Every structure is written in C-alpha cells, then in structure tokens.
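Summary of structural features
Below are the chains, spelled out letter by letter.
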Amino acid sequence: DAGVTQSPTHLIKTRGQQVTLRCSPKSGHDTVSWYQQALGQGPQFIFQYYEEEERQRGNFPDRFSGHQFPNYSSELNVNALLLGDSALYLCASSPTGGNGEQFFGPGTRLTVL
Amino acid sequence: AQRVTQPEKLLSVFKGAPVELKCNYSYSGSPELFWYVQYSRQRLQLLLRHISRESIKGFTADLNKGETSFHLKKPFAQEEDSAMYYCALSGLGAAGNKLTFGGGTRVLVKP
C-alpha cells in the first residue's frame, strides 16, 4: 500500500485561473479531508468528504470545492485563483470507525503568480 | 470555535537535554488531542494521541483539562527528534474528525 497519494507534486498557475488537485486515499479508508498549509503555518481544514458528500467544511470561500468518487478518491478544485491561494495542499484519509488518526499525503505545492 | 496555540516557533536543545513543547487549546466540547510530527522530507504523521496514553519514541503528553493544555515532553532529546511538531485537536465523538492544528514548533537538537 503506497498510502495516501496526491497529484501533481507541484503546480504553477496565474491569477484568475482554475486548478484541480487529486488525492487517492490509503487502502481501506473511505473518508478524505483536505487542508491548506501556508508557509510557516499549521495546516488549515478546508473540507471533508464521506460517502461522496461534503460532510464538514472549514472557513473557506465557495471558490474551493471538491468531489469524492465511488472509489473514495477525491478532487479539490479552486476557481478564480488569488495570490493568497499559494500554499501546500494536503490530503488526509481515515477509515470509518477508526481511532481518529488521519493519514496524510505528501501534498501538492501550488504557486499562484 | 476550536483553537490550538503553540507559543514557541522554535526550540533548540542539546542532545540529552529535556524538551517540552507547549500546546494550549480552546474547545467547548470534549476534545481529542494529537501530536503530529513531520521529519525532514517526510509527510506529516501521527506521533501520539491523548486517548491512548502511551509513550512513543520516548515522548509523552498529558491532557490537562483544567489548564486546557496538552504539552509534549521528552526527558532526553536525541538528534533524530529534530523535526516540526504540530499539536492538533478534534471533537471527541463528533461526526467527522476534522483536525484543528496549531502553528507548529520546530525542534532542533544539537549534538
């Protein structure tokens, strides 16, 4: 099991563009959470997907949207990119009924110019 | 609202010295507290959780509900403990398990 995987590793976009980030959860995990980590800060919760529905959402604008597929993989979409969206985007997965631990992917580094 | 505060951005200690990373939280319900660690060029991973009350790699952390703290301690730091440490909080039993992270503390263990 490769654990949580994310693609792409790095991405450079310009202001106003749209971006899609992808995440495959650890085998056996059905819940996917997305976090944004700005430079020098801790990860900040964006939203969580379970059974293909958004279950929880953090304090992020509607420009941030997501999707979960039947195989539990997930996408994070960001529209109308701003310079402030530059960050490391982390995906984490966990199983229903687990002990609360979330398993993190390596992240996607997004740079908005 | 839930909030996690890690007052120290950087802790520098010598090998063999004790190290304590501070973490304070605010949460209106029953909290579940975690310490996550990120070693150089590795992904974020769980170090320990308060519910398990175990020692991992010599680290321990006790939840103090009166002081709303969950400080991480190790009596004798090793060079391999150099890493970024994040305290995180989740709602115990809450639907979903979103994590609220602190800003992180970088630990540097000098030889």
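Up top is the structure.
The rules behind these values
- Residues numbered from 1 in each chain as written.
- Chains lettered and ligands numbered in written order.
- Predicted model: local features only at pLDDT ≥ 70, side-chain atom pairs only at ≥ 80, totals over all residues.
- Heavy atoms only, no water.
- Salt bridge = Lys/Arg side-chain N within 4 Å of Asp/Glu carboxyl O.
- Helix = DSSP H or I, 4+ residues; strand = E, 2+ residues; numbered from the N terminus.
- Buried < 20%, exposed > 50% of the residue type's maximum accessible area, 1.4 Å probe, protein only.
- Disulfide = S-S within 2.5 Å.
- Core = buried A, V, L, I, M, F, W, Y, C linked by side-chain atoms within 4.5 Å.

1. Here's the deal with the pattern of salt bridges
One pass over the full model with this rule turns up six salt bridges over all chains. Between Asp85 of chain A and Arg63 of chain A there is a salt bridge, and its shortest N-O distance comes to 2.9 Å. Note that Asp85 of chain A is positioned in the loop between β8 (74-78) and β9 (87-94) and Arg63 of chain A in the loop between β6 (53-57) and β7 (64-68), a separation of 22 residues in sequence. Both residues of the pair, Asp85 of chain A and Arg63 of chain A, belong to the buried class. The residue Arg49 of chain B makes a salt bridge to Glu32 of chain B at a minimum N-O spacing of 2.6 Å. Placement of the pair is Arg49 of chain B in strand β6 (residues 45-49) and Glu32 of chain B in strand β5 (residues 31-38), with a sequence separation of 17 residues. Residue classification places Glu32 of chain B among the buried residues on the basis of a relative accessible area of 7%.

2. Here we look at the state of the cysteines
Residues and elements named next belong to chain A. With the rule as written, the count across this model stands at two disulfides over all chains. Covalently, Cys23 is tied to Cys91 through a disulfide, its sulfur atoms 1.8 Å apart. Note on the Cys23 and Cys91 pair: the S-S dihedral is about -60°, so by sign convention the disulfide is left-handed. Of this pair, Cys23 sits in strand β3 (residues 19-24) while Cys91 sits in strand β9, placing them 68 residues apart in sequence. Taking relative accessible area as the criterion, Cys23 reaches 2% and is therefore assigned buried.

3. Focus: the nonpolar core
The nonpolar side chains of a soluble globular protein tend to be buried with one another. In this structure, Leu21, Trp35, Leu47, Leu48, Phe70, Leu72 and Tyr85 of chain B are the most contacted members of the largest nonpolar core, which totals 24 residues. Where this core is concerned, the elements lending two or more residues are β2 (10-14), β3 (19-21), β5, β6, β9 (83-91) and β11 (105-110) of chain B. Examining the composition of this core, we find that four residues originate from one element, β9 of chain B, more than from any other. Within the second largest apolar cluster, 19 residues are counted, among which are Val4, Cys23, Leu76 and Leu81 of chain A.

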